[in-house]
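What follows is the residue order along each chain.
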Amino acid sequence: MIKAPQNRWESVRSNANQTRWNCKTIAASCCRIAASTILVFWCAALSAQNFRVPTPQDLNSQTNSSTNTQAVQPTQSAATDSLSPTTSAKPTLSADQLVLHRGQEFEKQGRWGDALALYQRAVKKHPTNRKIAQRRNIARLHYDLDRRYSDSGYLKTLRTANGSTALQVYADVLTKVQSYYVEKPNWQSLVNHGAASLEIALYDKAFQQHNAKKIDAAKLQNAIKSIRHTLRSFPVSNRNDAYVVASSISRTMNEQLGISIQSSVYEFISGAVVALDPYSSFLTGTQYSETMSLIEGNFVGLGVELKTGKSALNIIDVLDNGSAQRAGLVGGDKIVSVEGKTVESLGSEVAADMLRGPENSYIILTIERKNGSKHRLRLQRKRVEIQSVDRVQMVDRQNGVGYIRITNFQKTTPRDFDNALWKLHRQGMRSLIVDVRSNPGGLLDASVAIANKFVSKGVIVSTRGRNTLEDFTYNAKLAGTWRVPLIVLIDENSASASEIFAAAVSENRRGTIVGTQSYGKGSVQGIFPLNVSGGGIRLTTSKFYSPRGIAISSRGVKPHIEVQTTLKPSELNRAKRDQDAVLKTAMRLAVRNMQTSRTPSQ
């Protein structure tokens, strides 16, 4: 699922598609992205009806500006503020027109990440506006292209692969889509999106450079005509048709422009998966490794939580025992150069990606402190554990109110949550608040395991897919159930696995839900490796339903007690307790619940 942009643990917290990812491996069901990042990800599925292959005229105003500008990781403020009228906008513009106006400004600046975040948010508010949906589609293709061509691992794949290998990967992707995707695929839409991705790439400076070509304008126009002629001449109705058309177009681009077959084929691969829905995506080898690391709960890096900016990587926080902490870095510091090159010249996404590398390797950074002083540091990349249970405390010792915050659901979450429960129990916990605000999701199994600690009987969640192997009902198990009064905090950025947990608590009458209505991401993704290329694809394989059989998708979970907050998700960890209206309400309710020993009726 696509998500509102948020902070990132180096490159791990960000998904290339800004996806709120829900993943599923063969070994364990999971529902998470982004992703990217981060991610990221949001709304209704793409369809052939609301997408057309953009014309060169559509692309010229965008690609010319994007060729010199790396995509910038969208920030929470950008995604939020961009929905408000700008000083240059006419006051008579409607809300959806304001979105398109602001989006055009981002596109002209080559800020495809910000444009994508804006359109994704707007699609949810204006689901029938086809123009916004179309701009979202095009922005995502641009954003994905920028990410791929700033990924050294992907570029190595292009150099070492050949056309035959790339076509094998494409065939593998099409087979997996046919076998596992939650709905019957629209093969024409998959090919149209692939062709659109290729057209955008042909105009892109980075794509041209890595294909050792400065494409002549007249030849480019003829190549575009060839692509569209092929699409008109060969309707696509099945997997084999899709393969034949992509193969034909890729060979034509090689003959007319000298573009390697594999470069064109990979655009068809990426575009095809984008065509399915906002939560499915192609993963380069690097992105696949990052995704699996996040599932496992660890990664190799410096241990810094970042928020990208135009000229710096802003450090929001540092992980315990990471290289950054040992070097004395703190929240508020800025990374202004990486390996002697400024973040502004590299582009924030490229700079952030450079923080990754082999375990025990070194990287040189220039850090700017809050007082303006700059320091050059040499840091070693180490394996860092990601803490999904990051706040465990007694928020009201007198009344025995405990508090646990879960930032995402990963393999280590049930173990860490158990440790947190026993820690609070030893401190006299008599009531518990579990905070999953701004939690984008994670492993389905981890979410079910957490719900199982409180729900003693009944259904926790059920999944249904086109493939019957995806149909499953998860029932509560009595063993190990905690009977402590429970309150769960949610907000509009609580998604997927977070919503599974909240819905299980709510519909089984096990606790009180406080906050604002959740995101409404109700599908399960599977992570499938592409053995030939070393990358993978994330596919939506099923949809999940609450204990009462209600689809979470586009609905979300409604709180029993609605409380608005003005705090941004990135500020919640640092918020003082007396500024957090949702937590204050939950604390008062916890005391009252202990006095009455009741949870709300449905």
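Residues numbered from 1 in each chain as written. Predicted model: local features only at pLDDT ≥ 70, side-chain atom pairs only at ≥ 80, totals over all residues. Heavy atoms only, no water.

Asker: What am I meant to see in the overall build of the protein here?
Answerer: Secondary structure summary: the protein contains 20 helices and 22 strands in total. Expressed as a percentage of the 602 residues in the protein, the buried residues total 61%. Summing over all exposed atoms, the protein offers an accessible surface of approximately 23,300 Å²; the carbon and sulfur share of this is 47%. (Helix = DSSP H or I, 4+ residues; strand = E, 2+ residues; numbered from the N terminus. Buried < 20%, exposed > 50% of the residue type's maximum accessible area, 1.4 Å probe, protein only. Areas by Shrake-Rupley, 256 points an atom, 1.4 Å probe, with all protein chains shown as cover.)

Asker: Would you mind showing me how to read the packing of aromatic side chains here?
Answerer: Within a pair of aromatic rings, the relevant descriptors are the distance that separates the centres and the angle that separates the planes. Enumeration according to the criterion identifies 10 aromatic pairs in this entry. Judged by centre distance (4.9 Å) and plane angle (65°), the rings of Trp422 and Trp482 are edge-to-face. Taken together, the residues Trp422 in helix α17 (residues 413-426) and Trp482 in the loop between β17 (472-475) and β18 (486-490) connect sequence positions 60 residues apart. Note on Trp422: relative accessible area 44%, which makes it partly exposed. Members of the aromatic cluster, connected to one another through ring pairs, are Tyr149, Tyr154, Phe207, Tyr266 and Phe282. Sitting over the ring of Tyr519, Lys124 keeps its end group 3.8 Å from the ring centre. In this arrangement the basic side chain of Lys521 is found over the ring face of Tyr279, its NZ or CZ atom lying 4.9 Å from the centre. (Phe/Tyr/Trp six-rings, centres within 6.5 Å; stacked < 30°, edge-to-face > 60°. Lys NZ or Arg CZ within 6 Å of the ring centre and 35° of its normal.)

Asker: Quick question: what am I supposed to make of the packing of helix α5 (residues 130-148) against helix α8 (residues 187-202) here?
Answerer: Any two packed helices are characterised by the angle at which their axes cross and by the distance between the axes. Direction vectors running N to C along α5 and α8 enclose 60°, while the axes themselves pass 10 Å from each other. Classified by the interaxial angle, the pair formed by α5 and α8 is oblique. α8 is crossed by α5, and the crossing has right-handed handedness. Two secondary-structure elements touch here, α5 through Ile138, Leu141, His142, Leu145 and Arg148 and α8 through His193, Ala196, Ser197, Ile200 and Ala201. (Axes fitted to C-alpha atoms, helices over the stretch in contact; angles between N-to-C directions. Parallel < 35°, antiparallel > 145°, perpendicular 65-115°, else oblique. Left-handed = near helix turned anticlockwise from the far one by under 90°. Contact = heavy atoms within 4.5 Å.)

Asker: I would appreciate a short explanation of the environment of Lys341 in the present structure.
Answerer: With respect to the element layout, Lys341 can be found in strand β9 (residues 341-342). Distance from Lys341 to Ala351, taken between C-alpha atoms, is 8.8 Å for residues 10 residues apart in sequence. Those residues in contact with Lys341 that lie beyond four places of it in its chain are Val336 and Leu346.

Asker: Would you take a moment to explain the confidence of the model for the protein for this structure?
Answerer: Summing up the model confidence of the protein, the mean pLDDT is 81 and the portion of residues at 70 or higher is 82%. In the model, residues 1-90 has pLDDT below 50 throughout and makes 398 contacts with residues more than four positions away in sequence or in other chains. (pLDDT = per-residue confidence, 0-100.)

Asker: Is there a simple way to think about the pattern of salt bridges in this case?
Answerer: Think of it this way: side chains of opposite charge can pair up when their charged atoms draw near. Tallying each qualifying case throughout the model produces 16 salt bridges. Put simply, Glu105 and Arg102 hold a salt bridge, and the shortest N to O gap is 2.6 Å. Here Glu105 and its partner Arg102 are both found in helix α3 (residues 95-108), three residues apart, which amounts to about one turn of the helix. Residues Arg437 and Asp435 are paired through a salt bridge, measuring 2.8 Å at the closest nitrogen-oxygen approach. The residues Arg437 and Asp435 share a single accessibility class, namely buried. Among the ionic contacts, a cluster of salt bridges with common partners joins Arg405, Asp435, Arg437 and Asp580. (Salt bridge = Lys/Arg side-chain N within 4 Å of Asp/Glu carboxyl O.)

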